[in-house]
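Architecture and fold: a report
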Amino acid sequence: AKQAGGGRSAFFEQGMGEAAEQRFQVERTLRHAIAGDELRLFLQSQVDAQGQLTGAEVLVRWQHPRDGLLAPGAFIPIAEESDLIVGLGNWVLAQSCALLALPVMREQRLRLSVNLSARQFRQAHFVPQLRALLESTRADPRLLTLEVTEGLVIDDFDDAVGKMRELAALGVEMSLDDFGTGYSSLAYLKRLPIHEIKIDRSFVHDAPTSADDGVLVQAILSVASHFGLRVVAEGVETRAQADFLRQRAPDILYQGYLYGRPEPQEDWLARLSPGPLV
Ligand code: C2E
Ligand code: CA
Ligand code: CA
Ligand code: CA
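By the naming in an unreviewed UniProt entry, the chain is Diguanylate cyclase (GGDEF)-like protein/PAS domain S-box-containing protein, taken from Acidovorax soli.

Given below as structure tokens:
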């Protein structure tokens, strides 16, 4: 029995070692990817109730030289364990501001929503850096939305609110992402200077078929309306989900496979009708 126990423990330790080794590998190659040219911006359309394009969410991908195109789930959590996420996040913000500065975006007043990580937002110089970036790229701050999660806000509530106010003063809007999945979302709404909430796709998914989720979505919609917040429903995949939402809130925005998958920024831009030539 002693031998078996020892064997199990040795196996367990070896497993841990491999996981750590793998993470180390990802970290090393990711550092290289951020410095190099392997990250890609994907855009996923957001539309209004009339089906009019209003903008897109920016979703990062890693074009890995060996493993192909990687979704954020494969590398963002690892990047978030160190300052790697700061470099990655700043790269995404810089690329997004460059996109916003394109004439076609400015003329059609198309917005971009960019995801922020807690560690990135906690940087003391986050706001002045973004201000400098907006100035150097000449992007219109009013077309930029920053998506934050409840977790990021909880980290240091006063610091987060202070920065959100400064950003609002620049014209940048704040969105509370994955709304409803935290444990105290409702309590925060009253105290946060935000402009938008995104209903998590888990609620959207079951709203038409589950009475419980339907009631939750209805509650979120009425709270948002009370606070004058824009609502984006994420993960809308079916007509039934869209209809359920439209019947209860005629002026929310929609994002999901029903309207378009995330796609490379070049492809997304190529489908925009050209604006006026001057
Ligand atoms: P998220 O912010 O909740 O982004 C929405 C995710 O839902 C995206 O996954 C998107 O591809 C997926 N999605 C969109 N529509 C549908 C749908 O109709 N059905 C289903 N089943 N899924 C849909 P993705 O691109 O894999 O991104 C995953 C997460 O990675 C994001 O979740 C976000 O938290 C994070 N992320 C992505 N880009 C960045 C970034 O630049 N910085 C940071 N910090 N996080 C990022
Ligand atoms: Ca998001
Ligand atoms: Ca989300
Ligand atoms: Ca989500």
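Alright, that's what it looks like, and here's the rest.
1. A word on the site of ligand 1
Taken together, 21 residues surround ligand 1, and among them R61, S117, R201, E237 and Y257 come closest. Between ligand 1 and R61, the relevant distance is 2.9 Å, taken from an oxygen atom to a side-chain nitrogen or oxygen of the residue. Contacts to ligand 1 include D178, whose side-chain N or O atom sits 3.4 Å from an oxygen atom. In isolation ligand 1 offers 800 Å² of accessible surface; the protein chains occlude 82% of this area. Examining the composition of the shell around ligand 1, we find that four residues originate from one element, strand β2 (residues 53-64), more than from any other. The residue inventory of the shell around ligand 1, partitioned by class, reads nine nonpolar, five polar and seven charged.

2. Let's talk about the pattern of salt bridges
Counted according to the given criterion, the structure contains 14 salt bridges. The salt bridge partner of D140 is R142, with a shortest N-O separation of 3.1 Å. Take R142: its relative accessible area is 53%, and that puts it in the exposed class. Look at the salt bridges and you will find they share partners, linking R111, E173, E196 and R230 into a network.

3. A look at the coordination of the calcium ion (ligand 4)
Protein coordination of the calcium ion (ligand 4) is provided by D178 (OD), D200 (OD) and E234 (OE), with donor distances spanning 2.4 to 2.5 Å. The sequence motif formed by the donor residues of the calcium ion (ligand 4) is D-x21-D-x33-E. A separation of 3.2 Å is found between the calcium ion (ligand 4) and the calcium ion (ligand 3), which share D178 as a coordinating residue. Taken as a pair, D200 in the loop between β7 (196-199) and α10 (201-206) and E234 in the loop between β8 (230-233) and α12 (239-248) lie far apart in primary sequence, 34 residues in all. Note on D200: relative accessible area 11%, which makes it buried. Under the relative-accessibility criterion, E234 is labelled buried at 9%.

4. What to know about the coordination of the calcium ion (ligand 3)
Coordination sphere of the calcium ion (ligand 3), protein contribution only: D177 (OD), D178 (OD), E234 (OE) and E234 (OE), at 2.2 to 2.9 Å. Sequence spacing among the residues donating to the calcium ion (ligand 3) works out to D-D-x55-E. Between the two metals, the calcium ion (ligand 3) and the calcium ion (ligand 2), the spacing is 3.6 Å, and D177 donates to both. Overall, D177 belongs to the buried group, its relative accessible area being 11%.

5. A look at the packing of helix α6 (residues 126-137) against helix α8 (residues 157-170)
It is at 10 Å that the axes of α6 and α8 come closest, and there the two elements cross at 15°. Viewed along their axes, α6 and α8 adopt a mutual orientation that is roughly parallel. The crossing of α6 and α8 is right-handed. In this structure, α6 uses F126, V127, L130 and R131 to contact α8, whose residues at the interface are K163, E166, L167 and L170. Among the residues making up the contact of α6 with α8, the classes are represented as five nonpolar, no polar and three charged.

How each quantity is defined
Counting restarts for each chain: residues are numbered from 1 in the order of the written sequence. Throughout, the order in which chains and ligands are written sets their labels, letters from A for the former and numbers from 1 for the latter. Where totals are concerned, whole chains, interfaces and linings use all residues; where local detail is concerned, this predicted model gives features only for residues with pLDDT of at least 70, and gives and counts side-chain atom pairs only at 80 or more. Calculated side-chain values reflect all of the structure's heavy atoms, with hydrogen atoms and water omitted. Near, as used in this document, describes a residue that has one of its heavy atoms within 4 Å of the molecule or strand being considered. Within 3.5 Å is the distance limit for a polar contact, defined as a pair of N or O atoms, with the added protein rule that one can donate a hydrogen and the other accept it, and that residues adjacent in sequence qualify only through two side-chain atoms. Note on areas: Shrake-Rupley, 1.4 Å probe, and residue coverage restricted to the protein chains presented here. The helix count covers DSSP runs of H or I at least four residues long, the strand count covers runs of E at least two residues long, and both are numbered beginning at the N terminus. Classification used: nonpolar for Ala, Val, Leu, Ile, Met, Phe, Trp, Tyr, Cys and Pro, charged for Asp, Glu, Lys and Arg, polar for all others including Gly. A carboxyl oxygen of Asp or Glu within 4 Å of a side-chain nitrogen of Lys or Arg is what we treat as a salt bridge. Each residue gets one of three labels from its accessible area relative to the maximum for its type: buried under 20%, exposed over 50%, partly exposed in between, using a 1.4 Å probe on protein chains only. Metal-coordinating donors are taken as N, O and S atoms lying within 2.8 Å of the metal, or within 3.2 Å when the metal is Na, K or Ca; because water is left out, some sites can appear incomplete. A fitted line through C-alpha atoms serves as each axis, taken over the contacting stretch for helices, and the angle formed by two N-to-C directions is quoted from 0 to 180°. Roughly parallel means an angle under 35 degrees; roughly antiparallel, over 145; roughly perpendicular, 65 to 115; everything else is oblique. In this scheme the handedness of a crossing depends on how the near helix is turned from the far one: anticlockwise by less than a right angle means left-handed, clockwise means right-handed. We call two residues in contact when some of their heavy atoms are within 4.5 Å.

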